[in-house]
Each structure stands twice: as C-alpha cells, then as structure tokens.
Amino acid sequence: MTPAQTQPLESTTTLRHDWTRDEVAALFSKPFNDLLFIAHSVHRQFHDPNAVQISTLLSIKTGACPEDCKYCSQSGHYATGLEKEKLLEIEKVVAEAREAQAKGASRFCMGAAWRSPQAKDMPYVLEMVRQVKELNMETCMTLGMLDAHQARQLAEAGLDYYNHNLDTSPEYYQHIITTRRYQDRLDTLENVRTAGMKVCCGGILGLGEGRQDRIALLQQLANLPQHPESVPINRLIKIPGTPLAEAEPIDSLEFIRSIAVARITMPQSMVRLSAGRESMSDEMQALCFFAGANSIFYGEKLLTAGNPATDRDRLLFERLGLYALQSGTMSEQTQQNTALASSPPLYYDAMAVRHNADLTA
Ligand code: SF4
C-alpha cells in the first residue's frame, strides 16, 4: 500500500479552522482516486451518502445591480440584455415557494441584485421571510452586504440562512470585483453569524483563476471561525456581454477535485453543486456526489441562468439511488455523526449509524 492509502483519516475528520495553504495544496495534488477515497470516507462519516438537500432559488429583484462582478448577468456595468425588474410582490414570492415545496424543495432561497438592501426595502423582505417560513420551509436570502442591524432584523424575522459568497481567493478577487472589498464580504459574514443565522458561502470556479486561487478560496472558507453550513461551489456560466464571456472553462476533474477538498476541509457542511450544473454530464455530477456534494439547486432557472430540467434531475436521482432530504433531517444526522466521528473507523457507514441509533433508542 502507498502511504496515501494507509494514511488514517483521523487528521481529516475533526473540524479544523487552521488549514495551511500547503495542506490544502497537498490534498489537491493527491492522485485522483486517493483524493476521492478520502473525501468519500469523510462524507460517510458525517452524512448519509445517498441524501441530497434540495434548494430552489428565486430572483426577487432582477438586474441593474451597481456592483461590477465580472461574471454576472445582473450587473448594471455590462450589456447583457437582461431586463431590469422591480422587487417582486410578496404574494408572488410565496406562491413560488409553495410551488417549489410541492416539487420537493426543503429550502427556498430569495436573491436580490443589490449592493445592500435599502431601508425602504427591508419591511418587504422581512415579510417575505415570515410568510415563506409559515410554509414550514427553510429560508435563505442573498441581498448583498448587510450591516449588523439589517442582519439582526432578518434573523428576528426568522431567516435561517444568509448567502454571501467569497467568490474566489483574496488575491484574485480584485480581478473579478472592484466595487467592494474582500474584507466587506468577511464583515457581512461576521454580521450574519453574530445575528445567529446560518451561513451559506462558497465561490465560483472557472473565473480564470489558478489552482492556487482555488486552494486559497477553500482555505478561507475552512478557516472561518465556524464553517458555513452550506458551501455552494459554482461553475462559471459564461454570460454574453460580461467580461468573462470567453473565459477558459474549468477542467471537469479539477472541479471534482475542488468538491472533494471542500468536503475534506469542511466535513460537516452541505456542499452544494450550484450554478453551472446544466453544463455537467450525469457522470460528472455522479462523481461530484461521490466526492462529497450533497446539495443542489433544483428548478429550471437559477436567478437568471439556466439549470437542468427538473425531469432530468429526477431521473438522475433515480439512476443514482439518491433521495431528497427533508427539511431539518440533516441536522440530527450530522449531530449523531459528528459525535461518533471522534474515533472514526476507516470505513464508516452512515446508514449503520442510523441503524445503531435505532437499536439504542
Ligand atoms: S453577483 Fe450580486 S452583487 Fe455582483 S453584480 Fe451580480 S447581483 Fe450584483
């Protein structure tokens, strides 16, 4: 056996917040099979490997965003042909949430193309949160930067998650966005945490970054004081009219490696296949699930971009024997598994954990 195969998993199964870039780089550099073996083993220690959490995303205010994110169809800086829309009415948002729930979504994410919410908009978004919560769905919003007061207001309205991505490495960030700083993003994440909400935070691959930037992005995420509960890993959707319209696509195996490293460095988090899934083959998605992805966006539209047709997703779930996680079930499973992960065997079976728990109940 090679050292990589015999290496115990203990070093990867505790929740760490002190990853060095060299350590993350060493994971990326492993032979593909070794990396996937470790990632999948970690995945089984913390999660049911056949359960996938499903979120649906709705754009509640589209276009004319003052930020200049070079990948985004909604930035007012680029001529993408997108029609600007006003904030959606609350009734329409709730109707969409109800429909998403009927199709199996346990979490409803609402996104607005804002630099940050304005005071006049807050009563509406707070009411959206309250009414979607009444459907017994988890709620998530992405509204741009939040100050401490806005974060508290959203938390008090019952918002479960706030999405705010780091996008890329601190070093590469300036090539992608110039209208706000990396530190602004970290400050928003801190405000969200302090207010008591869960964090959804990840990045985008294929922005023209190098592997060192992917390493740095995952290191940043894994070294946050608390790992984000959700880590969306997006694959760039090239939008005509944006500066990244002709970006070199990220290699599929490198994307899967990134999923695996996210899983190893943030074992308890839900790692989400987000934007760009439409361009992935079923086989690539299957490898992503094996490498530790356990959450997807479901629905035919992702804010303004395409997403795989829901029928294709249903079929893929059937072919892979996956099932949709219901709201709230993961936290119990994760808690059990986290408790048991203090002395992990090499081959761990999350299903056996459930079985044992049943026997001792
Ligand atoms: S990613 Fe968000 S903040 Fe950036 S331009 Fe698009 S809508 Fe605005």
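Structure report, in brief. (Residues numbered from 1 in each chain as written. Predicted model: local features only at pLDDT ≥ 70, side-chain atom pairs only at ≥ 80, totals over all residues.)

## Things to note about the site of the ligand
Reasoning step 1: Taken together, Cys65, Glu67, Cys69, Cys72, Gln74, Ser75, Ala113 and Gly144 make up all the residues around the ligand.
Reasoning step 2: Residues of the shell around the ligand, tallied by class, amount to four nonpolar, three polar and one charged. (Near = placed C-beta within 6 Å. Nonpolar A, V, L, I, M, F, W, Y, C, P; charged D, E, K, R; others polar.)

## Re the nonpolar core
One broad rule of soluble globular proteins: the nonpolar side chains tend to lie buried together.
Reasoning step 1: The biggest cluster of nonpolar side chains holds 90 residues, and the ones touching the most others in it are Tyr162, Ile259, Ala260 and Ala291.
Reasoning step 2: In terms of residues, this core owes the most to one element, helix α10 (residues 252-265), which gives seven residues.
Reasoning step 3: With sequence-adjacent residues up to four places away left out, Ala260 is seen in contact with Leu35, Leu36, Ala39, Ala291 and Gly292. (Core = buried A, V, L, I, M, F, W, Y, C linked by C-beta atoms within 7 Å. Buried ≥ 20, exposed ≤ 12 C-beta atoms within 10 Å, placed from the backbone. Helix = DSSP H or I, 4+ residues; strand = E, 2+ residues; numbered from the N terminus. Contact = placed C-beta atoms within 7 Å.)

## Digging into the pairing of strand β9 (residues 293-297)
Reasoning step 1: Summarising burial for β9: five of the five residues are buried, a large majority.
Reasoning step 2: Two strands pair when backbone bridges link them, and strand β8 (residues 270-273) and β9 are joined in this way by three bridges, in the parallel orientation. Across the sheet, Leu273 pairs through a bridge with Ile296, a residue of β9.
Reasoning step 3: Running through helix α11 (residues 282-291), the crossover from β8 to the neighbouring parallel element β9 is right-handed. (Pairing = 2+ DSSP bridges. Right-handed = clockwise from strand over helix to strand, strands pointing away.)

## Observations concerning unusual backbone geometry
Reasoning step 1: Of note in this structure, Ala64 is not a glycine but carries a positive phi near 60°.
Reasoning step 2: On the secondary structure map, Ala64 appears in the loop between β1 (51-61) and α5 (90-102).
Reasoning step 3: For Asn136, which is not glycine, the phi torsion reads 70° and is therefore positive.
Reasoning step 4: You can see Asn136 is positioned in the loop between α6 (122-133) and β3 (138-142).

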